[in-house]
Amino acid sequence: MEPTEKSIAEEHPFGYIEDNKVFLKPYLSYPSREIGAVKETPSEAIAYFENRFKQFEKKVDDLFEAIEKAENKGSFLQKLLHLKELCGQYDGLGDFTSIFARLEEKEAYLSELINKNRVKNLAQKKALLQELEVLRDSNDWINASEKIKEIKNKWIRIGSVEKVVEDEVEQMFKEYLDVFFKRRQEFYDERNQLNAIKLKKYEELADKAFAIKDSIDFRKTIEEFKRIKEEWKQVGPVPKKDLFPIYKKYKDSNDYFFRKVKANKRRREQQQMGQGGFNRPGVGPSSDPRLRNFERLLSDLEKLAAEMPFQGDEQVRKLQEDWKKSMPVRSDDYKRLERKFRSLCVKTLDTYFVNKIAYKRNPNIKKLPPKEQLKIQIGVLKELIARDK
């Protein structure tokens, strides 16, 4: 005998139909409740809600499968609790009691796993706090900062700890970091202030050197440059990039003045030679006008080299021609003068060549600050070196 629509509804183990409404039978602590209406036939209504239960059951199965595959299983606890709450509200016909049992069993498993992980996480965070406590008082700012960065990355990857100690642990971690970074900031602030004071002192010394570089009171000014040099040594280290333009101004002034000193010495020696005096050890009285002529040419070249203009290589060429036209002197003094003259010619012409290219590229270069001039000259040199390769 085929079951009737009425018997299907009456015999269903998890639900029933009354007044064309579908009800879920009571289970666990949940009372009987209406889950839908009969739209066509009772059997079709029953089948529809049975299928909905299977859909819900599949969600549970899929979640369990994901938990088994996952490394961080505890992260699925909230999803499981959501399904458990939904279970008591879901409109379907099926064995919700067994679904509840499965969910509660898995919840207990995940809760125990989470508790174990929280104990392990607490141990890991305490170990990191011990490392951080040592670094907190370190003055090795660069290495300590790198290690603290590593600790922060590890801390973030570690899961949560028990709620009763979580605030305490996190607060301790924050305090250690705050102490270190505050000390580091204070150190760099003090160092920057000290560097600023040192740089100001360097600037004062460079300005002093620049102010006296044109002096013709050579003896007094030489002593002043010596004092500036000694004070310079006492100032102390600062970042090279900050000191470079100041040092260049100081060195240029120093070099310019002492080139003048050498040129003046050369003139005095020539005057002594012209008066029948002694030139330098090993030369003796010089009455040979040819030797005096070569010394004059060298002196003129030294003046050009001291000025270091952006144009003027024709004057060096003229001095070279005059040297060639002059009759050589067979003496050690002549050989020494010739070596110095030739070496200085090469150096001066090379400098003129670089300056000439720099001047063509930027006609206003002489009006630029020394640092900008040097940058342009270095750029020209790099291009010439690369081209030679």
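Residues numbered from 1 in each chain as written. Predicted model: local features only at pLDDT ≥ 70, side-chain atom pairs only at ≥ 80, totals over all residues. Heavy atoms only, no water.

Draft legend 1. Geometry of the overall build of the chain. Within the chain, the secondary structure is distributed over 12 helices and three strands. The C-alpha radius of gyration computed for the chain amounts to 47 Å, which surpasses the reference 21 Å derived for 389 residues by more than 25%, pointing to a less compact arrangement than a globule. In terms of its C-alpha atoms, the chain occupies a principal-axis envelope of roughly 150 × 45 × 35 Å. Per-residue burial for the chain yields a buried fraction of 35% across its 389 residues. In the chain, the share of contacts with a sequence separation of at least 24, taken over all contacts with a separation of at least 6, comes to 65%. Here the chain has roughly 25400 Å² of accessible surface; of this, 52% comes from carbon and sulfur atoms. Computed over 81 positive and 68 negative side-chain charges, the separation of the two mean positions in the chain equals 16 Å. (Helix = DSSP H or I, 4+ residues; strand = E, 2+ residues; numbered from the N terminus. Rg over C-alpha atoms; globule rule 2.2 N^0.38 Å. Buried < 20%, exposed > 50% of the residue type's maximum accessible area, 1.4 Å probe, protein only. Contact = heavy atoms within 4.5 Å. Areas by Shrake-Rupley, 256 points an atom, 1.4 Å probe, with all protein chains shown as cover. Lys, Arg positive; Asp, Glu negative; His and termini not counted. Charge placed at Lys NZ, Arg CZ, Asp CG, Glu CD.)

Draft legend 2. Geometry of the pairing of strand S2 (residues 21–24). Pairing analysis gives four bridges linking strand S1 (residues 15–18) to S2, with the strands arranged antiparallel. Looking across to S2, one finds that Gly15 is bridged to Leu24. Count of turn residues in the S1/S2 antiparallel hairpin: two residues, of which Asp19 carries a positive phi of about 55°. Bridge count between S2 and strand S3 (residues 33–37): four bridges; the pairing is antiparallel. (Pairing = 2+ DSSP bridges.)

Draft legend 3. Layout of the side chain of Ser145. Structurally, the position occupied by Ser145 is in helix H5 (residues 141–157). Under the relative-accessibility criterion, Ser145 is labelled buried at 16%. A polar atom in the side chain of Ser145 sits 2.9 Å from the side chain of Arg184. Discounting residues that sit within four places of it in the chain, Ser145 has contacts with Phe180 and Arg184. (Polar contact = N/O pair within 3.5 Å; in protein donor to acceptor, adjacent residues only side chain to side chain.)

Draft legend 4. Inspection of the nonpolar core at higher detail. Counting residues in each nonpolar core, the largest one holds 28 residues, and the members touching the most others are Phe56 and Phe96. Listed by contribution, the elements that provide at least two residues to this core are S2, helix H2 (42–69), helix H3 (77–87) and helix H4 (96–136). Look past the residues within four positions of Phe96 in its chain and what remains in contact with it is Leu24, Tyr27, Phe53, Phe56, Cys87 and Tyr90. Formed by 18 residues, the second largest nonpolar core is a distinct cluster that contains Leu298, Leu319, Val329 and Tyr352. (Core = buried A, V, L, I, M, F, W, Y, C linked by side-chain atoms within 4.5 Å.)

Draft legend 5. Structural context of the pattern of salt bridges. Applying the stated criterion across every chain, the model contains 26 salt bridges. The closest approach of N and O atoms between Arg33 and Asp91, which form a salt bridge, is 2.9 Å. Placement of Arg33 in strand S3 and of Asp91 in the loop between H3 and H4 is noted, with a sequence separation of 58 residues between them. The partly exposed category is assigned to Arg33, whose relative accessible area is 23%. Taken together, the salt bridges that share partners define one network made up of Lys84, Glu104 and Glu107. (Salt bridge = Lys/Arg side-chain N within 4 Å of Asp/Glu carboxyl O.)

Draft legend 6. Spotlight on the confidence of the model for the chain. Overall, the prediction assigns the chain a mean pLDDT of 83, with 90% of residues at 70 or greater. This stretch, residues 276–286, has a pLDDT under 50; its non-local contacts, to residues over four places away or in other chains, come to 21 contacts. (pLDDT = per-residue confidence, 0-100.)

Draft legend 7. Representation of unusual backbone geometry in the model. The phi dihedral of Asp19 falls on the positive side, at around 55°, and the residue is not glycine. As for its position among the elements, Asp19 is in the loop between S1 and S2. One non-glycine residue, Asn20, lies in positive phi territory at about 60°. Mapped onto the fold, Asn20 is located in the loop between S1 and S2.

Draft legend 8. Examining the packing of H4 against H5 more closely. Following both chains from N to C, one finds H4 and H5 inclined at 165°, their axes separated by 11 Å at the closest point. Our classification of the angle between H4 and H5 gives roughly antiparallel. Two packed elements cross with a definite hand, and for H4 against H5 that hand is left-handed. Listed contacts from H5 to Lys125, Leu128, Leu129, Glu131, Leu132 and Leu135 of H4 are Ala144, Lys147, Ile148, Ile151, Lys154 and Trp155. Taken together, the residues of the contact of H4 with H5 break down into eight nonpolar, no polar and four charged. (Axes fitted to C-alpha atoms, helices over the stretch in contact; angles between N-to-C directions. Parallel < 35°, antiparallel > 145°, perpendicular 65-115°, else oblique. Left-handed = near helix turned anticlockwise from the far one by under 90°. Nonpolar A, V, L, I, M, F, W, Y, C, P; charged D, E, K, R; others polar.)

Draft legend 9. Summary view of H3. Taken together, the buried positions of H3 are Leu77, Leu80, Leu83 and Cys87. Here the buried residues of H3 occupy an arc of 125° about the axis, which is enough to place them on one side. For H3, the exposed residues set more than 90 degrees away from the buried face come down to Gln78, Lys79 and Glu85. Each element contacted by the buried residues of H3 is listed here: H2 and H4. (Arc of directions from axis to C-beta.)

Draft legend 10. Examining the packing of H2 against H3 more closely. Axis separation between H2 and H3 bottoms out at 11 Å; the angle between their running directions is 165°. With respect to H3, the element H2 is oriented roughly antiparallel. In the crossing of H2 with H3, the sense of the turn from one axis to the other is left-handed. Contacts between H2 and H3 involve Phe56, Lys59, Val60, Leu63, Phe64 and Ile67 on the former and, on the latter, Lys79, Leu80, Leu83, Leu86 and Cys87. Of the residues belonging to the contact of H2 with H3, the class tally is nine nonpolar, no polar and two charged.

Draft legend 11. Structural detail: the layout of surface pockets. Space inside the second largest pocket adds up to approximately 310 Å³. Lining the second largest pocket we find Glu71, Asn72, Gly74, Ser75, Ile114, Asn117, Arg118, Lys120, Asn121, Gly159 and Ser160. (1 Å grid on protein atoms, 1.4 Å probe; cavity = no way out; pocket = protein on both sides within 12 Å on 5 of 7 lines; lining within 4 Å. Points joined across faces, edges and corners; volume = space filled by probe spheres on them.)

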